[in-house]
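Here is what each chain is made of, one letter per residue.
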Amino acid sequence: MTIFKEKLSEEYLTVSEAKELLSSVEADRATDEDREMRYELARAVDHVNRFAFLEADESLELVEELLELEKVDEPQAYKIADLLPRDRTEVRAVYAQERYALDGDELDAILDVVAKYA
């Protein structure tokens with residue numbers, strides 16, 4: 001007998017949003033002296049502190065602007081907001097698994113939006 005897990009919902013988060021959520025969990029754990037932070041939680045907090053470059057609301061604004069572009073859909077928008085690519089090669093890396101390639105104008109449009117926030 002096999003047991004399958006059903007995905008009930010899925011929501012994308014930027015690293016900045018995750019930082020905000022994890023900081024509240026970290027604060028809750030800090031007030032309770034009996035509860036230690038598990039290794040996984042400590043690593044996650046360290047990761048988001050290291051790689052969250054924008055505030056949560058700024059990262060959501062960036063995602064919204066990216067979604068207005070034609071060739072950017074939700075997973076790519078969140079990935080771009082997390083990575084903040086600085087050149088065409090970095091943007092191409094986000095689209096490496098897609099069945100289509102972006103032309104120079106589309107790459108530049110994405111980089112122009114990212115430049116407002118970086």
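The rules behind each value
- Residues numbered from 1 in each chain as written.
- Predicted model: local features only at pLDDT ≥ 70, side-chain atom pairs only at ≥ 80, totals over all residues.
- Heavy atoms only, no water.
- Helix = DSSP H or I, 4+ residues; strand = E, 2+ residues; numbered from the N terminus.
- Expected span 1.5 Å × (residues − 1).
- Buried < 20%, exposed > 50% of the residue type's maximum accessible area, 1.4 Å probe, protein only.
- Contact = heavy atoms within 4.5 Å.
- pLDDT = per-residue confidence, 0-100.
- Salt bridge = Lys/Arg side-chain N within 4 Å of Asp/Glu carboxyl O.

In this section: helix H1 (residues 15-31). If you check H1, its first and last C-alpha atoms are 24 Å apart, about what 17 residues at 1.5 Å a residue would give, namely 24 Å. For H1, the set of buried residues is Val 15, Ser 16, Glu 17, Ala 18, Leu 22 and Arg 29. Where H1 is buried, its residues meet helix H2 (39-51), helix H3 (56-67) and helix H4 (74-83).

Bringing the confidence of the model for the protein into the picture now. Mean pLDDT over the protein stands at 92; residues scoring 70 or higher make up 99%. Within the protein, H3 carries the highest mean pLDDT (97), whereas H1 carries the lowest (90).

Moving on, we get to the pattern of salt bridges. One side chain can pair with another of opposite charge once the charged atoms of both are near each other. Enumeration over the complete set of coordinates arrives at five salt bridges. For Glu 10, the salt bridge goes to Lys 7, with nearest N and O atoms at 2.9 Å. Lys 7 carries the same exposure label as Glu 10, and that label is exposed. As a salt-bridge pair, Asp 108 and Arg 88 come within 2.8 Å of each other at their nearest N and O atoms. With Asp 108 in helix H6 (residues 104-117) and Arg 88 in helix H5 (residues 88-94), this residue pair connects regions lying 20 residues apart in the sequence. Judged by its relative accessible area of 29%, Asp 108 falls in the partly exposed class.

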